[in-house]
Amino acid sequence: MQSSSWLRIYYVAAFAVVGVSVPFFPRWLEARGMHGVELGLIVAASPAMGLLAPFAFGAASDALGLRGGLLRIACLGALISWGSLTTAAAAGSSLGFPTLLLAALTFAWFRSPMILVADVTALEGAHLAGTSYGKLRLWGSLGFLGAVVLAARFVDPNERMALPLATSVALLAALLASLGIPDRAKLPRLGNRHGALKVLASPNFKLLLFSAFLGQCAHAGYDLCFTLHLFDLGMSRNAIGLAWAIGTAFEVALMASASRAFRGLAPAPLLAFALGSAALRWTILASVRSPAIILLLQPLHALSFGLMWLAAV
């Protein structure tokens, strides 16, 4: 099997991890007695480690040309963190704030390169194969879509063991899929330190980072609170899974056809349009309480996340 095929399988499994954990982890934490600041600190572990882990893993990836090797390390570390929670839950051990925070920090440290290194590999693979990054990345969205629907049906956040076990199974699948991705990149390393510093000094690049920062800030609130908000509105797990699935389905459709849009339009105006669509989405979401209207809003996820991600990349 070609490495690009293994990369697609890996994307499915890696984003299945996200599809299981992100929508239902806050609710699972609430069932463990985490509220307010404690809940926020545990969930904030992911973006916090996202500020640190990419530098460490990115430096190793660039210096050694590693791809699949780093993915395997990242998957194994993440699996150990969730596997420990699964074991503790099965043994009936206390899952207090210190334990949950440590597990969340460990998982967050390894989760970031799980996606980061895969995206670098996908960009390199798209360059070699003459295809688009979006058509490779959409397999991750498909993995998220399938996982969130199955998790909504079979994973009860009120049960101690269900969520950690489901996430561990998805991580194991990602680890096995990573075995098919070559250890090292085939492309020559073309970058240099002075070129990187020149890019970092560019006003346009700083503006891109600031725009991406604000967009991710908005989506952090969505990732943390959307499921909790829908539970508060009285929606069932299956309906909540459907809400996440609708958004992701439209994201997949956009990624599959995005290459045509990028042929005729520059990324900057597309990014601006995506951020404007996100602002509209959050404003309406904050104003309505009808589950039906919320479901009708979910196709905007294709713009507020999918288009924003592609335009930024």
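About the thresholds
Residues numbered from 1 in each chain as written. Predicted model: local features only at pLDDT ≥ 70, side-chain atom pairs only at ≥ 80, totals over all residues. Heavy atoms only, no water. Core = buried A, V, L, I, M, F, W, Y, C linked by side-chain atoms within 4.5 Å. Buried < 20%, exposed > 50% of the residue type's maximum accessible area, 1.4 Å probe, protein only. Helix = DSSP H or I, 4+ residues; strand = E, 2+ residues; numbered from the N terminus. Expected span 1.5 Å × (residues − 1). Arc of directions from axis to C-beta. Salt bridge = Lys/Arg side-chain N within 4 Å of Asp/Glu carboxyl O. Phe/Tyr/Trp six-rings, centres within 6.5 Å; stacked < 30°, edge-to-face > 60°. Patch = residues over 30% accessible without salt bridge, like charges linked within 9 Å, V, L, I, M, F, W, Y side chains within 5 Å. Areas by Shrake-Rupley, 256 points an atom, 1.4 Å probe, with all protein chains shown as cover. pLDDT = per-residue confidence, 0-100. Contact = heavy atoms within 4.5 Å. Axes fitted to C-alpha atoms, helices over the stretch in contact; angles between N-to-C directions. Parallel < 35°, antiparallel > 145°, perpendicular 65-115°, else oblique. Left-handed = near helix turned anticlockwise from the far one by under 90°. Nonpolar A, V, L, I, M, F, W, Y, C, P; charged D, E, K, R; others polar.

Let us look at the nonpolar core. By size, the foremost hydrophobic cluster in this structure holds 91 residues, and its most contacted members are Y10 and M114. Looking at this core element by element, the count peaks at 15 residues for helix α1 (residues 3-31).

For helix α12 (residues 267-285), built from 19 residues, the straight-helix expectation of 27 Å at 1.5 Å per residue is met to within 8% by its first-to-last C-alpha distance of 27 Å. Three or more residues of α12 are buried, namely L270, L271, A274, S277, A278, R281, W282 and L285. For α12, the arc enclosing every buried residue in end-on projection is 135°, short of the 170-degree limit, so these residues lie on one face. The exposed residues of α12 that point more than 90 degrees off its buried face are A268 and T283.

One pass over the structure, following the stated rule, counts 3 salt bridges. Here R27 ties to E30 by a salt bridge, and the two come within 3.6 Å at their closest N and O atoms. Residue R27 and its partner E30 are both found in helix α1; the two are separated by 3 residues, about one turn of the helix. Residue R137 pairs with E251 through a salt bridge whose shortest N-O separation is 4.0 Å. Placement of R137 in helix α7 (residues 133-154) and of E251 in helix α11 (residues 237-264) is noted, with a sequence separation of 114 residues between them. Across the pair, E251 and R137 agree in class, each one buried.

Looking now at the packing of aromatic side chains. Under the counting rule described, the total for this entry stands at 12 aromatic pairs. Consider the rings of Y11 and F15, whose centres lie 6.0 Å apart with planes at 40°: the pair is tilted. Here F15 and Y11 lie together in helix α1, a separation of 4 residues that amounts to about one turn. What makes F15 buried here is its relative accessible area of 9%. Ring geometry for F144 against W244: centres 5.9 Å apart, planes inclined by 45°, an arrangement best described as tilted. Placement of the pair is F144 in helix α7 and W244 in helix α11, with a sequence separation of 100 residues. On the accessibility criterion, W244 (5% relative accessible area) is buried.

Now for a nonpolar patch on the surface. Taken together, the side chains of L207, F210, F213 and L214 define a hydrophobic patch exposed on the protein surface, amounting to about 420 Å² of accessible area. Assignment of secondary structure puts L207 in helix α10 (residues 203-232). What makes L207 exposed here is its relative accessible area of 52%.

Moving on to the confidence of the model for the protein chain. Counting all residues, the mean pLDDT for the protein chain is 86, and 93% of those residues have values of 70 or more. Ranking the helices and strands of the protein chain by mean pLDDT puts helix α8 (residues 162-178) first, with 95, and helix α9 (residues 193-201) last, with 77.

On to the environment of C75, then. Relative to the assigned elements, C75 resides in helix α5 (residues 68-91). Ignoring any residue separated from it by four or fewer positions in sequence, one finds C75 in contact with Y10, M114, A174 and L175.

Close contact between α10 and α12 brings their axes to 11 Å; oriented N to C, the two are set at 30°. By the angle class used here, α10 and α12 are roughly parallel. Remark: the crossing between α10 and α12 carries left-handed chirality. Along the contact surface, α10 presents L208, S211, G215, A218, H219, Y222, F226 and H229, while α12 presents L271, L275, R281, W282 and L285. Grouping the amino acids of the contact of α10 with α12 by side-chain chemistry returns 8 nonpolar, 4 polar and 1 charged.

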